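# Structural description and commentary
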Amino acid sequence: MLELRNVSKTVGGSSHIHPTDLTLERGSLNVLLGPTLSGKTSLMRLMAGLDRPTEGTIHFDGIDVTGMPVQKRNVAMVYQQFINYPALTVYENIASPMRIAGRDAATIDREVRKAADLLKLTPYLDRTPLNLSGGQQQRTALARAIVKNANLVLLDEPLANLDYKLREELRLELPKIFAESGAIFVYATTEPSEALLLGGNTVTLSEGRVTQFGKTIDVYRRPIDLLTARTFADPPLNTVNLVRSGNQFLLNGVAVIPVPAHLENIPEGSVTVAFQPHHLFLKPANGHTTPLSTRTQVSEIAGSESFVHLDFAGARWVMLAHGIHDIDPGQDLTVHLDTRHLMAFDQLTGRALGSAFQAAA
């Protein structure tokens, strides 16, 4: 078990990590989710022992390892910018941590070839890294981390430089590999979809602060505040400031959205209503949608999906619509909101209001 107890990191008067308490269990997969500069890498460096916290302590299996250098910890780390030994072959790069650990030759060969097969590196085992593509070099670094048999494996956006097909394959395979090892895995990403695909637990980060930690699907479905909900939305979360009055949400005194059952207990008055882009539709759906009048700003076609940017009474929304929809800018457009997935937040504090809402589709 890895425990961060009131850990913070300050550099030159600037807080990179605000006071943080976090407990990660053995055999768990933990995703650090947040935008660039949210503190993901800084938190990983503290976990690894590459940096020492300004305040607080770090414990592993009950032992205080705060001042222990990374060389004395059984840690593996893979960065987005891959690091390999340029003079060694791919085989020897992968084998290097096992040779240092004194593993026998048969075990080394078996584990190297197993990892190479998983990461599609078998044809390149005799090459040196400089004779590989960037994606192949990254896969070599990943394979070395897998065979190290570390207690803590830290993966800092490790799939960012891989092609789409391989990236999707590895996103499915990595959790299986991790589950078998008994190690603690920490995986940093900027992509909410990647966090959902990996599963496990998710830590949401914003400007060096942990905003929420829990089962990935629970954090996604039940964010504790608006900041966490925004972190877990791509395309961006749609929001609008409304007034709850009776069984309606009002805009400038006019009822626009009925209050769904899961929000019936929120107080009267001003609230921020939010929902995901895929909960807007071009046509009525499932008997739970409410029509809203909007104006199109621009539409973007992305393969089999379209991102339609909308204006709703000054609020900028995005609708994620299946299919190709080329809608002219400035066009009045009636869209349909699935109110079962509405979230409500206090306008002053950003804290979530109401009971748990239904799962996002």
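Now for a description of the structure that goes with this document. Keep in mind it's a predicted model, so treat the numbers as computed, not measured.

Cut-offs and rules
- Residues numbered from 1 in each chain as written.
- Predicted model: local features only at pLDDT ≥ 70, side-chain atom pairs only at ≥ 80, totals over all residues.
- Heavy atoms only, no water.
- Buried < 20%, exposed > 50% of the residue type's maximum accessible area, 1.4 Å probe, protein only.
- Helix = DSSP H or I, 4+ residues; strand = E, 2+ residues; numbered from the N terminus.
- Pairing = 2+ DSSP bridges.
- 1 Å grid on protein atoms, 1.4 Å probe; cavity = no way out; pocket = protein on both sides within 12 Å on 5 of 7 lines; lining within 4 Å.
- Points joined across faces, edges and corners; volume = space filled by probe spheres on them.
- Contact = heavy atoms within 4.5 Å.

Taken across its 11 residues, helix H2 (residues 90-100) has eight buried, putting it largely inside the fold. Among all positions of H2, only Val90, Tyr91, Asn93, Ile94, Ala95, Ser96, Pro97 and Met98 are buried. Following H2 by one or two positions, Gly102 has its phi on the positive side, about 80°.

Let us now look at the sheet that holds strand S11 (residues 238-245). An order of S13-S12-S11-S14-S20-S21 is seen for the six strands of this open sheet, with the pairing classed as antiparallel. Sheet topology places strand S13 (254-258) and strand S21 (352-353) at the edges, where each strand pairs with a single neighbour. In this structure, strand S14 (residues 269-275) lies alongside strand S20 (residues 343-346), joined through four bridges in antiparallel fashion. Bridged to Thr272 within S20 is Phe345.

The next point concerns the layout of surface pockets. Size it by volume and the largest pocket reaches roughly 650 Å³. If you go around the largest pocket, you meet 26 residues; those closest to its centre are Val75, Ala76, Met77, Arg144 and Lys148.

In this structure, S11 lies alongside S14, joined through seven bridges in antiparallel fashion. Bridging across to S14, Thr239 finds its partner in Ala274.

Time to look at the environment of Tyr187. By the element assignment, Tyr187 lies in strand S8 (residues 184-189). Taking the C-alpha atoms as reference points, Tyr187 and Gln212, 25 residues apart in sequence, are found 16 Å from one another. With near-sequence residues (within four places) excluded, Tyr187 lies in contact with Leu29, Asn30, Val31, Leu32, Met44, Leu155, Pro158, Leu159, Leu174, Glu194 and Leu198.

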